[in-house]
Number of protein chains: 2
Amino acid sequence: MTQSTSPEPARVAVSTVIFSLRRTDDSAPAELMLPLVRRTRDPFDGLWALPGGWLDPAEELEDAASRTLAETTGLSASYLEQLYAFGGVDRSPARVVSIVYWALLRADEVDAQVAAHAAQGDAPENVEWFDAASLPRLAFDHNEIVEYALWRLRSKVGYSRIAHGLLPPEFTLAELREVYESILGRRLDPANFRRQVEGSGTLFPTDRFRTGSHRPARLYRYDPDVELAERGPLTARH
Amino acid sequence: MTQSTSPEPARVAVSTVIFSLRRTDDSAPAELMLPLVRRTRDPFDGLWALPGGWLDPAEELEDAASRTLAETTGLSASYLEQLYAFGGVDRSPARVVSIVYWALLRADEVDAQVAAHAAQGDAPENVEWFDAASLPRLAFDHNEIVEYALWRLRSKVGYSRIAHGLLPPEFTLAELREVYESILGRRLDPANFRRQVEGSGTLFPTDRFRTGSHRPARLYRYDPDVELAERGPLTARH
DNA sequence: GCAAAAGTGTTTATATTACACCCATGT
DNA sequence: ACATGGGTGTAATATAAACACTTTTGC
């Protein structure tokens, strides 16, 4: 409880929690992963931290999140949602208010973006993907922030169709169900899941099939008219 | 679209949307009202704005919200929840990131606090209560902010027990139902409402009754162990 | 044919809704 | 006594859960 009475005004930073669903080894359930950046200066030199940076004076908050995410990790997400503003006095030696965004990114998008950077020779340094369920001690209050992002993700998957953000445009119902199972951490009945999601009217069946080791599964796509997630009146602000 | 490329770093402000439920005339349905403060300087001199102010360098965000609310309106709320961080480049001539909080306040608490200030001779100036459904043009982007706060209130009343924040410790089921009806803007079946809320296990019946013009209604109180609203892992941060 | 996943059907339990009806009190 | 809101009962409907079963492919 060191009441730091710094006379310096608070600076505004922006960070992003960006989740992807990856399987470490094949035939294992997919895990929620997120990229972290190793700090190369004090405070918390050497510890892992969320990608982020300072807000530019003439830059929208969401743009700052996109920019700093790209600068630190080379990744770009099509959809960012504000998570929370963290402004505790003692979360950093200097007074920093962090506006945190969160986003989902498909595994194949991550792979493509990483490959593109590798080909161009501008692969980002000090970036690594971590299992969201077993993180090391992170810099600042970033462990707390990830916990809160996970909570929001889990509660939002129930009433929103954000699972879409982790899937390619066409997918089987089993793939969709696996996303839900990974996020919620429990198995779902395939039959009931199918009925619920088919009955919601947000999915289109295509006439293509995913041919696998057994009976082919029909591919579906999301209705593009339906919003990715409900954000209320703020959605118009883009 | 004036891209103000101000070199000044963003300053952090805090504002509060604080709702109360009041009936303008008796025997009319209660309306959601909120206090606004008339600006006495540019920008937006003369327009009404949300209570708020600058974040002090050594002050927690929530404390800043409480403090500025008290300084501008004389009101104090026991429960504040972060709503959103508004940081648009053009929302103010200077670059301001506003962390907005929202809260609920009982009508009788408002009356008591107003009376206390009047007795002490430090009644706040330039404060007025407005019907949330029909606001004038407000300063900055505050109309948008109130709209968003209303949306959050309405969606949260469904899965949380925030209605409590608008009621005295003991209340009848009809009073509770009226709160829900005012927030949701539609009538609810008294019989079904009773069963739902009784079945939720968050209410204790007392052995006291509200004696009115007709059959006395039993008074209930909320189970104090149950959280006012679910905020996930952040609840521990107080 | 057999294993395994896709997809359908059926039954049961549980919530939601609508609305009829009785109860207790002030006037 | 009667009007009025408090409070209970009940039937119809919708939704969720559990699980048996059939279908279609690769091997």
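Rules used in this analysis
- Residues numbered from 1 in each chain as written.
- Chains lettered and ligands numbered in written order.
- Predicted model: local features only at pLDDT ≥ 70, side-chain atom pairs only at ≥ 80, totals over all residues.
- Heavy atoms only, no water.
- Helix = DSSP H or I, 4+ residues; strand = E, 2+ residues; numbered from the N terminus.
- Buried < 20%, exposed > 50% of the residue type's maximum accessible area, 1.4 Å probe, protein only.
- Contact = heavy atoms within 4.5 Å.
- Near = heavy atom within 4 Å.
- Polar contact = N/O pair within 3.5 Å; in protein donor to acceptor, adjacent residues only side chain to side chain.
- Buried area = accessible area lost by both parts, 1.4 Å probe.
- Salt bridge = Lys/Arg side-chain N within 4 Å of Asp/Glu carboxyl O.
- Nonpolar A, V, L, I, M, F, W, Y, C, P; charged D, E, K, R; others polar.
- Least-squares fit on C-alpha atoms with pLDDT ≥ 70 in both.
- Pairing = 2+ DSSP bridges.

### Digging into the side chain of H142 of chain A
All names here are of chain A.
Then step 1. On the secondary structure map, H142 appears in helix α3 (residues 142–159).
Then step 2. On the basis of relative accessible area, H142 is assigned to the buried category, the value being 5%.
Then step 3. The residues touching H142, leaving out its near neighbours within four places in the chain, are A49 and L50.

### So, the protein's contact with DNA strand D
Then step 1. Residues in contact with DNA strand D amount to 19 residues; listed here are only the nearest, N192, S213 and R215 of chain A together with R194 and R195 of chain B.
Then step 2. By atom count, sugar and phosphate contribute 56% of the portion of DNA strand D lying within 4 Å of the protein.
Then step 3. In this structure, a base oxygen belonging to DNA strand D sits 3.0 Å away from a side-chain N or O atom of R195 of chain B.
Then step 4. Side-chain polar atom of R215 of chain B to a base nitrogen of DNA strand D: 3.1 Å apart, as the coordinates give it.
Then step 5. For the surface near DNA strand D, the elements supplying multiple residues, two or more each, are α5 (190–199) of chain A together with α4 (173–184), α5 (190–199) and β10 (217–222) of chain B.

### Quick notes on the interface of chain A and chain B
Then step 1. With 35 residues of chain A at the interface, the matching set in chain B holds 35 residues.
Then step 2. Overall, the association of chain A and chain B removes approximately 2900 Å² of surface from exposure, summing both partners, and the carbon and sulfur fraction of that is 60%.
Then step 3. At the junction of chain A and chain B, the tally comes to zero salt bridges.
Then step 4. Of all the secondary-structure elements, those providing two or more residues to the side of chain A that touches chain B are β5 (81–86), β6 (96–104) and α3 of chain A.
Then step 5. When the residues that make up the side of chain A that touches chain B are grouped by side-chain class, the tally is 18 nonpolar, seven polar and 10 charged.

### Let's talk about the relation of the copies chain A and chain B
Between the two copies of the chain lies a relationship made up of a rotation around an axis and a movement along it.
Then step 1. Least-squares fitting of chain A to chain B yields an RMSD of 0.1 Å, with the transformation described by 0.0 Å of translation along the axis and a rotation of 180 degrees. Here the two chains are linked by the operation of a two-fold rotation axis.
Then step 2. Counting the interface residues of chain A, we find that 100% of their copies in chain B are interface residues as well, pointing to one common contact surface.

### Here we look at the sheet that holds strand β8 (residues 171–172) of chain A
In a beta sheet, neighbouring strands are held together by backbone hydrogen bonds and run either parallel or antiparallel to one another.
All names here are of chain A.
Then step 1. With antiparallel pairing, the three strands of this open sheet are ordered in space as β8-β10-β9. A single partner strand is all that each edge strand has here, and the edge strands are β8 and β9 (203–210).
Then step 2. Looking at chain direction, β8 and strand β10 (residues 217–222) are connected through two bridges and run antiparallel. Paired with F171 across the two strands is Y220, which belongs to β10.

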